[in-house]
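Coordinates in review
What follows is each chain in one-letter form.
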Amino acid sequence: MQSSMRIENVEAKLYRAPLRAPFKIALGETDHIETIIVRVTVEGGLAGFGEASAYAPVTGEDSEGALAFLRKAASALVGRDAAGVAGIHAAMDAISVGRPAAKAGVDIAVYDILAKRAQLPLYRFLGGTDPCVRTDMTVGLADTAVMAERAALRAREGFRTLKIKAGIDPAQDVEHLLAIREAVGPETELRIDANQGWDAKSALWVLERLEGVGIAEVEQPLPHWDLAGMRFLRERIGQQLMLDESVHTPHDAMRAAMAGAGDMINIKLMKSGGLHPALKINAIAEAAGMACMAGCMSETRVSISAGAHMAAALPNVVLADLDSWMEIADDGCAQGGFTREGDRLTLADAPGLGVTVDFDAL
Ligand SMILES: [Mg+2]
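Quick summary incoming for the structure in this document. (Residues numbered from 1 in each chain as written. Predicted model: local features only at pLDDT ≥ 70, side-chain atom pairs only at ≥ 80, totals over all residues. Heavy atoms only, no water.)

**Some words on the sheet that holds strand S14 (residues 338-341)**
- Sheet architecture is open: three strands sit in the order S4-S15-S14, paired in antiparallel fashion. Since the sheet does not close on itself, it has two edges, and those belong to strand S4 (132-134) and S14, each with one partner. Here the strands of the sheet are splayed against their neighbours by 25 degrees on average, with no regard to which way each runs.
- Bridge analysis of S4 against strand S15 (residues 344-347) gives three bridges, and the strand direction is antiparallel. Residue pairing across strands places Arg134 opposite Arg344, the latter belonging to S15.
- Strands in contact with helix H13 (residues 301-313) are S4, S14 and S15; relative to S15, the strand with the most contacts, it is inclined by about 90 degrees. (Pairing = 2+ DSSP bridges. Helix = DSSP H or I, 4+ residues; strand = E, 2+ residues; numbered from the N terminus. Axes fitted to C-alpha atoms, helices over the stretch in contact; angles between N-to-C directions. Contact = heavy atoms within 4.5 Å.)

Structure below.
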C-alpha cells in the first residue's frame, strides 16, 4: 500500500515569451506565447507540472479566466487524493463547464505525479513502450514567397511532414500550396489546415485546384459546428478529413463519429481538458475507425511533453503536430521532457513527464 497522495497545493503562474517570428492563422495573429504553468504538490513534497494554454477563440477562456478558475480549483482540490483522477475532473467540472485549458493544467500535473510515483515515464505509465514520436512542423500564413522559403527550410531541417495554414483567401491558399510544393520537392508530405476558414464550396474549389499537389490531410476546413458540411466534403475528396475545432470533448467525438464527419481527430489536451478526457476521445475514435493526431496550441515543452507521451502511448494516435515549443525565442521556463533530432522527438527516460521547471523563478 503506497503512502497517501493527498493534494496539498495547486499553484499557477503566467508565462509570456516572444516568438521567433509572428505566427498567423485564419483565426488571428500573435508575436508571443502566453501560457500558464501549473504546479500540484502532494503530501510529502512530490510535485507535478502542468500547463494551461488558453486561447479564447478555441478554448473559450483567456489566461485571466484560466487563472481565476485555477484559484477556485485549488481550494476545491486541496485534500483530495491525486490518484482519483475522475474525481478531480468531477470536482473541476462542478466549478464550471468549459475552461478546458485550465483543467488540462491540473490534469497534466496530476498525471506527472502519478507516473513519478509509479517511477515510470508517462508514456509507459499510459501503456506505451516506444519513446519516439515523429512530429510535423507548421508553416503559418504569410506572403507566398515567405511561406515557400520557410517550408523549404523546415524540410531541410528534417521535417518530413509540413502542416500549411490556410483559410483566409481560397485563391491565395492555392497559390501558397503550389509554391510550397515547388519549393520542398515531391518527397515532403503536406497537410493543409484551414482553421474553419472555408465553406464547403470554397473547400472543394481549393482541393480541385490542388489535385496532383499531394495533400495528405485536410484539417478543419469548415466551421466547427458544420458536421453535415464535413460529411458532404468527406464524401467528395480524396484526402483524409481531420476534425480539430469540431472536437473538444468525448461527446463531440461521439457526435462526429455518428455523423460520419471525419476520418481523423486532432486531439489537443488544451481542448479536451487534459489526458483523462483525451483518452476517452481516442477510445471513441478508435472504436469508430478514426485515427487521431496529437496536436497542440501555443504551448511550451511542459504540455508538449504530455502530448508526446500520449502519442507514444496510444497506437491509434498515428500523427503528431507538437511543434509550438520550437517557435518560442527562448523556451527557458522548462527543460527536459524529450530531445529532438530532425522531426523525431525522443521522450526522456525519467519518471513522469521528465520535465523540470524552475517554478519559483517564473
Ligand atoms: Mg488545427
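That was the structure; now back to the text.
**Focus on the layout of surface pockets**
- Roughly 660 Å³ of internal volume is contained in the largest pocket.
- Lining the largest pocket are 35 residues, with Phe23, Thr30, Tyr55, Met297 and Ser298 positioned closest to its centre.
- Of all the elements, strand S2 (residues 28-42) adds the most residues to the lining of the largest pocket, at six residues.
- Classifying every residue of the lining of the largest pocket by side-chain character gives twelve nonpolar, nine polar and 14 charged. (1 Å grid on protein atoms, 1.4 Å probe; cavity = no way out; pocket = protein on both sides within 12 Å on 5 of 7 lines; lining within 4 Å. Points joined across faces, edges and corners; volume = space filled by probe spheres on them. Nonpolar A, V, L, I, M, F, W, Y, C, P; charged D, E, K, R; others polar.)

**Quick word on the coordination of the magnesium ion**
- Looking at the metal site, the magnesium ion is ligated by Asp193 (OD), Glu219 (OE) and Asp244 (OD), spaced 2.1 to 2.4 Å from it.
- Site description for the magnesium ion: donor spacing in sequence, D-x25-E-x24-D. With a gap of 25 residues between them, Glu219 in strand S8 (residues 215-219) and Asp244 in the loop between strand S9 (240-243) and helix H10 (250-259) connect regions that are remote in the sequence.
- On the basis of relative accessible area, Asp244 is assigned to the buried category, the value being 0%. (Donors = N, O, S within 2.8 Å, 3.2 Å for Na, K, Ca; no water. Buried < 20%, exposed > 50% of the residue type's maximum accessible area, 1.4 Å probe, protein only.)

**Quick look at the environment of Ile304**
- Examined against the element boundaries, Ile304 turns out to sit in helix H13.
- Sequence spacing of Ile304 and Ala294 is ten residues, and the spatial spacing of their C-alpha atoms is 9.5 Å.

**What to know about the packing of helix H7 (residues 170-184) against helix H8 (residues 200-209)**
- It is the contact of H7 with H8, at a shortest axis distance of 10 Å, that shows an interaxial angle of 25 degrees. Comparing their axes, H8 and H7 come out roughly parallel. Here the hand of the crossing between H7 and H8 comes out right-handed. Contacts between H7 and H8 involve Pro170, Ala171 and Val174 from the first element and Ser202, Trp205, Val206 and Arg209 from the second.
- Each residue belonging to the contact of H7 with H8 can be placed in one class, and the counts come to five nonpolar, one polar and one charged. (Parallel < 35°, antiparallel > 145°, perpendicular 65-115°, else oblique. Left-handed = near helix turned anticlockwise from the far one by under 90°.)

**Quick notes on the side chain of Asp263**
- By the secondary structure assignment, Asp263 is in the loop between H10 and strand S10 (264-267).
- In this structure the side chain of Asp263 is engaged in a polar contact, spanning 2.8 Å, whose partner is the side chain of Arg234.
- In this view, Asp263 contacts Arg234, Gln239, Gln240, Leu241, Gly289, Met290 and Ala291; residues no more than four positions away in its chain are not counted. (Polar contact = N/O pair within 3.5 Å; in protein donor to acceptor, adjacent residues only side chain to side chain.)

**Considerations on the packing of aromatic side chains**
- Evaluation of the coordinates by the stated rule reveals two aromatic pairs.
- Ring geometry for Phe49 and Phe359: centres 6.4 Å apart, planes at 40 degrees, overall tilted. Here Phe49, found in strand S3 (residues 47-52), pairs with Phe359, found in the segment after strand S16 (355-357); they are 310 residues apart in sequence, far enough to count as distant.
- The buried category is assigned to Phe49, whose relative accessible area is 8%. (Phe/Tyr/Trp six-rings, centres within 6.5 Å; stacked < 30°, edge-to-face > 60°.)

**Remarks on empty space enclosed by the protein**
- Evaluated as defined, the whole model comprises one cavity of 30 Å³ or more.
- In this structure, the largest cavity spans a volume of roughly 30 Å³.
- If you trace the largest cavity, you find it lined by Val247, His248, Ile265, Asn266, Ile267, Lys268, Lys271, Ser272 and Ile281.
- The leading source of residues in the lining of the largest cavity is S10, at three residues.
- Here the lining of the largest cavity is built from residues that sort into four nonpolar, three polar and two charged.

**A word on the packing of helix H2 (residues 63-77) against helix H3 (residues 85-95)**
- With their axes 10 Å apart at the nearest point, H2 and H3 run at an angle of 130 degrees to one another. One element, H2, and the other, H3, form an angle in the oblique class. As for the relative orientation of H2 and H3, their crossing is right-handed in sense. Residues Phe69, Lys72, Ala73, Ala76 and Leu77 of H2 touch H3, and the partners they reach there are Ile88, Ala91, Met92 and Ile95.
- Within the contact of H2 with H3, the residues separate by chemical class into eight nonpolar, no polar and one charged.

The quantities given are spatial measurements derived from coordinates; they are silent on function.
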